[in-house]
Every structure is written in structure tokens, then in C-alpha cells.
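A look at the structure
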Amino acid sequence: MSRGGARVRPERVAEQIRIEIAGILQRDLKDPRVGLATCTRVQVSGDLKIAKIYISVLGDAEVQKRTMAALEGASGFVRRLLGQRLGLRASPEVRFLFDPAVEYGIRLEQLIEETHRQGVSDEIAPPADRSDEGDENAH
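Everything in this summary refers to the structure shown in the same document. (Residues numbered from 1 in each chain as written. Predicted model: local features only at pLDDT ≥ 70, side-chain atom pairs only at ≥ 80, totals over all residues. Heavy atoms only, no water.)

**Digging into helix H1 (residues 10-28)**
- Buried residues of H1: Pro-10, Val-13, Ala-14, Ile-17, Glu-20, Ile-21, Gly-23, Ile-24 and Leu-25, and no others.
- In this fold, the buried residues of H1 make contact with strand E1 (36-44), strand E2 (50-58), helix H2 (61-73) and helix H3 (75-86). (Buried < 20%, exposed > 50% of the residue type's maximum accessible area, 1.4 Å probe, protein only. Helix = DSSP H or I, 4+ residues; strand = E, 2+ residues; numbered from the N terminus. Contact = heavy atoms within 4.5 Å.)

Here's what the structure looks like:
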């Protein structure tokens, strides 16, 4: 229990951090090395001392690497902003982790679309009707 009597739940803090990080990425970080980055999720330790912030970056491997390096370099700045905005007694240590989930989802969507296009092509030219070949191959 905290001094106020109400226990702060890590899930609630994680969600609030995710919301604040979205704003920080959009408005407060001016580093040109930060590409199109999105906070996908946040995990906070039970004692609220560590926040793992999962980031998805749109772009090639070099853009992703550069963005993650810039975010790591800005972790102190981000921690300070979070402390001010969340009103916690102690601001959690911020750790940025690359999350390939969005990139994976985009690739999966592309594969589904390709498969669908191939399926449509197959529907345009269906296989020949073989019903009159007889039952020679029936088991």
C-alpha cells in the first residue's frame, strides 16, 4: 500500500505511460533521427521502478536502428517528462525496446493480399471439368 492508502496498479500506470509516450513522440522529441515511431505497449514492474516501452518504427532496418538509438539517448529527458506528467513520487526508469509486431502485421497483410490476388486469378480461369473422365481413379 502507498501512503495514501490506495495502491497504484502497474497496469493503470502502464496505460497512462503509453498515452504520455504517444504525445512525447509526437510533440516533444525534436530529434531528427526519430522516424515514424509508435508506442505499441508498456510494461511496468510491480514496484513501478522500471517501464519497458515497446516501440514500432516504420522504415527499413537503418531507420529503425537510428530511431531506437535516438530514443535511448533521450531516455533521461523522457523520464523527466513522465515524472512531471504522471505525478508519481518516483519516475520509473525508461527502457525502450523495439517491437516488430506492426512490421510483422504489415508483412502478413501483404502476404494475404498476394494470396487473395492469386486466388482471384485462379477463379477467373477455373480448372477444366474432369467429371466425364470416368471413375477409374476412384478408391
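**Structural notes on a nonpolar patch on the surface**
- Together, Leu-36, Leu-58, Val-102 and Ile-106 make up a nonpolar patch on the protein surface, roughly 370 Å² of accessible area in all.
- The residue Leu-36 is located in strand E1 in this model.
- For Leu-36, a relative accessible area of 61% gives the class exposed. (Patch = residues over 30% accessible without salt bridge, like charges linked within 9 Å, V, L, I, M, F, W, Y side chains within 5 Å. Areas by Shrake-Rupley, 256 points an atom, 1.4 Å probe, with all protein chains shown as cover. Salt bridge = Lys/Arg side-chain N within 4 Å of Asp/Glu carboxyl O.)

**Things to note about the sheet that holds E1**
- In spatial order, the strands read E1-E2-E3; together these three strands make up an open sheet with mixed pairing. Every other strand in the sheet has two partners, leaving E1 and strand E3 (93-98) as the edge strands with one partner each. With direction set aside, neighbouring strand axes in the sheet form an average angle of 30°.
- Of the pairings in the sheet, the one linking E2 to E3 comprises six bridges and is parallel in character. Opposite Lys-52, over in E3, you have Arg-95 as the bridge partner.
- Running over the sheet, H1 touches E1 and E2 and is turned about 165° from E1. (Pairing = 2+ DSSP bridges. Axes fitted to C-alpha atoms, helices over the stretch in contact; angles between N-to-C directions.)

**Observations concerning the packing of aromatic side chains**
- The final tally for this structure, using the stated rule, is zero aromatic pairs.
- Geometry around Tyr-54 places Arg-41 over its ring, the cationic atom sitting 3.8 Å from the centre. (Phe/Tyr/Trp six-rings, centres within 6.5 Å; stacked < 30°, edge-to-face > 60°. Lys NZ or Arg CZ within 6 Å of the ring centre and 35° of its normal.)

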